[in-house]
Each structure stands twice: as structure tokens, then as C-alpha cells.
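This is what each chain is made of:
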Amino acid sequence: MFDYSGNNKNVQAGLPPVATEPRIGKIRRICRKSTDAKLKASDHARAKGAERSDALTSDRADIRPPIAPPIPAGSPVRPLAGRRQAVLEREKMTDYFEIDFLGVETAKSGDAITLRYSIGGITRIHIVDGGYLGTSDQIIEHLKTYYGAPTFIDAVVLTHSDRDHANGLRKILETYDVGCLYMNRPWLYAEELLARFETYTSASALYRKLREVYAAVVELEDIALRRGIPISDAFQGAAIGSFMVMAPSRTRYLDLIVASQKTPEAAKAEGSARFSLLRNLVEAAKNFIAAAWGEERFPADGTSSENEMSLVQYLNFGGEPILLTGDAGREALTETIAYAPMVGLNLPGLKMVQVPHHGGRHNVSSEILDALLGPKFDSMPANTLFSAICSSAKEDKDHPRKVVKRAFLHRGAHFSETEGKPVHWSRGISRPGWTSIPQADYPTEMEE
Ligand SMILES: [Zn+2]
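Computed from a predicted structure; not experimentally measured. Chains are numbered independently. Their residues run from 1 in the order of the written sequence. Local features in this predicted model are restricted to residues of pLDDT 70 or higher, and side-chain atom pairs are both shown and tallied only at a pLDDT of 80 or more, whereas totals for entire chains, interfaces and linings draw on every residue.

**Q** So what exactly am I meant to see when it comes to helix 13 (residues 330–339) here?
**A** Since one α-helical turn is 3.6 residues long, residues separated by three or four positions face the same way. Of all the 10 residues making up helix 13, 7 are buried; the element is thus mostly covered by neighbouring parts of the structure. The exposure scheme places C-beta atoms from the backbone and then counts, for each residue, the other C-beta atoms within 10 Å of its own, assigning buried at 20 or more, exposed at 12 or fewer, and partly exposed in between. Starting at the N terminus, helices and strands are each numbered in turn, a helix being any DSSP run of H or I of at least four residues and a strand any DSSP run of E of at least two. Regarding helix 13, the residues found buried are Arg330, Glu331, Ala332, Leu333, Glu335, Thr336 and Ile337. Note on contacts: residues are paired as contacts if their backbone-placed C-beta atoms lie within 7 Å. Looking at the buried positions of helix 13, the neighbouring elements they touch are strand 10 (243–247), helix 9 (250–262), helix 12 (305–308), strand 12 (312–317) and helix 14 (366–373).

**Q** For this particular structure, what's the right way to read unusual backbone geometry?
**A** Note: most residues except glycine have negative phi, and most peptide bonds are trans. Looking along the chain, the bond that leaves Leu347 and enters Pro348 is cis, with omega of -10 degrees. Here the residue pair His399 and Pro400 is connected by a cis peptide bond, since its omega of -5 degrees sits within 30 degrees of zero. Mapping Pro400 onto the fold places it in the loop between strand 15 (386–390) and helix 15 (402–410). The backbone phi angle of Asp129 is positive, close to 65 degrees, even though this residue is not glycine. Mapped onto the elements of the fold, Asp129 is located in strand 5 (residues 122–130). Note on Asp129: 32 C-beta atoms within 10 Å, which makes it buried.

**Q** Is there a simple way to explain the sheet that holds strand 15 in this structure?
**A** For sheets, the rule is that strands pair by backbone hydrogen bonds, running either parallel or antiparallel. Two strands pair under a simple rule: DSSP has to find at least two bridges between them. Spatially, 7 strands are ordered 9-10-12-13-14-15-16 in an open sheet, and the strand pairing comes out mixed. Only two strands of the sheet have a single partner each, and these edge strands are strand 9 (239–240) and strand 16 (413–417). Strand direction decides the pairing type here: strand 9 and strand 10, joined by 2 bridges, are antiparallel. Of the residues in strand 10, the one forming a bridge with Ile240 is Phe243. On the sheet, helix 13 packs against strand 10 and strand 12 and is oriented at approximately 120 degrees with respect to strand 10. In this analysis an axis means a line fitted to C-alpha atoms, helices contributing only their contacting stretch, and an angle means the value between N-to-C directions, from 0 to 180 degrees.

**Q** Quick question: what am I supposed to make of the packing of helix 13 against helix 14 here?
**A** Each pair of packed helices can be described by the angle between their axes along with the distance between the axes. Look at helix 13 against helix 14: their axes get within 10 Å of each other, and the N-to-C directions meet at 35 degrees. In the crossing of helix 13 with helix 14, the sense of the turn from one axis to the other is left-handed. Across from Arg330, Leu333, Thr334 and Ile337 in helix 13, the residues of helix 14 making contact are Ile368, Ala371 and Leu372. Classes in brief: Ala, Val, Leu, Ile, Met, Phe, Trp, Tyr, Cys and Pro nonpolar; Asp, Glu, Lys and Arg charged; the others, Gly included, polar. A class-by-class count of the residues in the contact of helix 13 with helix 14 yields 5 nonpolar, 1 polar and 1 charged. Crossings are assigned a handedness: left-handed for a near helix turned anticlockwise from the far helix by less than a right angle, right-handed for a clockwise turn.

**Q** I'm lost on the pairing of strand 3 (residues 96–101) in this one. Help?
**A** Two faces, one strand: in a regular strand the side chains alternate between the faces of the sheet. The buried count for strand 3 comes to 6 of 6 residues, which makes it a mostly enclosed element. Residues Tyr96, Glu98 and Asp100 of strand 3 are buried on one face, and the alternating residues Phe97, Ile99 and Phe101, pointing to the opposite face, are buried as well. For strand 3 and strand 4 (residues 112–119), the ladder comprises 6 bridges, and the chain directions are antiparallel. Bridge assignment links Asp100 to a residue of strand 4, and that residue is Thr114. One ladder, built from 5 bridges, connects strand 3 with strand 17 (residues 423–427); its direction is antiparallel. Opposite Glu98, over in strand 17, you have Ser426 as the bridge partner.

**Q** Can you help me understand the environment of Val218 in this one?
**A** One can find Val218 in helix 8 (residues 215–227). Residue classification places Val218 among the partly exposed positions, given that 17 C-beta atoms sit within 10 Å. As for Val218 and Ser161, which are separated by 57 residues in sequence, their C-alpha atoms are 9.5 Å apart.

The values reported here are purely geometric and, on their own, carry no functional implication.
What follows is the structure, encoded as C-alpha cells:
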């Protein structure tokens, strides 16, 4: 509970308030099913030129939401260079939500996302993926500067086993008290899956093999067990704080473990440096073709089984649906779309969506984006309908894909990319000293 009388010493110190409830209660609650998702999603104003509530982009400073001041923080922002970093300032609204996509910078892209929200007087901090080993210090620094230097993180979430998401979480688990680590561990299902593997005759051998393959997840498990951090699986229907897990379903997750192990190593070794190099060379040789507004060409083949295992998380914040996708592919997104009505999510109508897999073009299709985001506009809409945020490294020239960026813009997105810098999006809380991110340029060509 918050104490608005000023007795909360964090408030007195000018820092954001933190929940003061006992920790045990908090842990229990985040493992409980959320009822937030039952809230009805807001109706989606698809009409061209419809008034938007998050139109505070710097290139459209004339647009303001149709309500009285204070103006809620809306469009994604990032820090102004050379300015002293300002302390958070909570606005009058009781509930708030803020999310930061940190700039994960290596030759390849990665995800490191921090978020804090307060709903009904309960404030929670989540960390979703940690980027690479080197990213963890950046996360810790960010929490110190903007989240009131917490010592307790309610939920640490690993969306899937890839190292660009998992490795940076090691130091997070070592540094903070953590309410619950949410991640799925393939080896736990060795016994259940044994019959589906012709080459394995014992569950223990399969168990060992799966731990070997998903070593990055084992590393996190080791730390959590040593530090007494509870670990929870996270399948469709599970709650993570006020978020609802949309994908993967347990059944599809088990299928993916089997599918992945049956794929030749070389074809699925996305994490291996040699494979990446080879792939980059192949991709670099790719040609672009000029394309008119609305044209989209996606490759037939999908993404890796590991990416398809990604957790997709949904939060309805005050009628505004927020969707975090990790590296989810077409199967995971299709599953999400099918599940949406069960949790009161009326698609299309998202207010903020993470662009899956750093803007990879094997993860989406025109049909999936139609269902998720709505149909294409006939031309560039005057006002954007929602924010699409993409974690993509500056050095990683292949992400986001031009066709993906086009496809989001076709459907009314305000599109922003990390490219080495954090992107912040919020409701009900402002961050002084950060500046609006202009709308992305529309790519006039796409991959052949
Ligand atoms: Zn990734």
C-alpha cells in the first residue's frame, strides 16, 4: 500500500514510492492468477484519422490528447544528450505504467526490458530478459537512476533460452532479491517426452541432453536455487504480476522441444558465432526492391523452435492493451491471437506492442499482423494508433527488417528502435529530461 501522507521515506526523499507490504505476501500474489486480464479491452478506433491518445511525438507537437493537463506521458521517449538525468516525477494519476527497452549493443541484437507499474496501489518491478552478459550493468544502473534504486525485483522473466535474452539475467539474479523467476525449463519434461524420442531409452539421458542444449537456462536455474529464488514455469494462462501469459501453451511448448531436437544442429544453431557469421554474409548479399505503399513480402519459412517458445505477455493497463512478444514467431503469435478472446483482449487494438524478434521477417506475416494490429491503411495515416517498439542493435544492420518496419507503419504504428539507446513508454508517469522519438522513416524498399 502507498502512504500518500508523506510518511513513506521514499516519497520524502523525492523518490518514487514503493510498496511496503510484507515480501512473503508479494511473492504469493505474483504467483496467483491475475484478474486484470478479465478487464475489457478498449474499443479500437480503426477509422482513418481517428483521434489518438498517445500522439505526443516531437514531430507532431501540435497534437495533444483531448483531456486537460497534466498531459500523460505518451509516445516513446529517450534521454536527451548532455542533460542531467532527472528523477522520476509521479503525476496525480494513482495507477501508472512505464517500460524501458534498453539498448543492447553487440554485433547482434538482444532484449533487456525493465518495467514498473502500479495498479490498485500495488507497485511492481519486472525485468524481462537481460540481454548479453555485458548488458546487466546497464540494467542495474538504469534501475538505480530511474526506478528508485530497488533491492527487490518482483518478477524476472526469461522469454526463451537464447543467450541474447538469458545471459544478462545472471547478474540480476545475483544482485537483487527476486520474488519469482519465471522461465520454462525443457528438461523438466524429459520423462513425459521420452516416448517421442527414438534415440533415447532413458529419461535421465534425455534430461542430461536437454540441460546441455539449454545451458543458458541451466545457469539461471543454478543461481536461483543457490539464492533461494522461487522458479515458476510460465505457460498460457499463467499470471506474472498483472501480466497474462498468452503463449506458449504447454502442449505447443512440448511439441517445440521435440521439434527442436529433431532439427539438425547446424540449422538451428542460431546462437553459434560461426552460423551467425555465415548467415550475416548471406543476408548482407540480399537485394532490396523498390515497393509501393502497402506492399509486403515475407519469406515462407518461419523462425527457430526456440524463438517460437518465447513467452508472449499481455497487460491491460486501464483499457490500453500492452503486448510483449520476445522473439515470438508466427506460431506463437497465432496462438496469442486465438487466445485473446478468452482473456478479454479484443484484437486489433493494442496500444503498445514489442516488435517480435528485433524486427525479424521470419516471425510475422501480413495475415498475422492484420489480426494483431488491424488492416493496412490506404496511405500513411495522419495520426498513429499505437506504439511499436523494437530492440535492435545499431551494429546489427539486418534488424529491423525493412519489410517488418513497413508492415507496422502500414497498420498505423508509431515505430521506434533502440539502436543503442533506451526507449521509454509510459502512462500516468512522466520522465523529465527525456525527449519524444520522431516517427520512423518509411522504407521505400524491402528485402527481395
Ligand atoms: Zn533475440
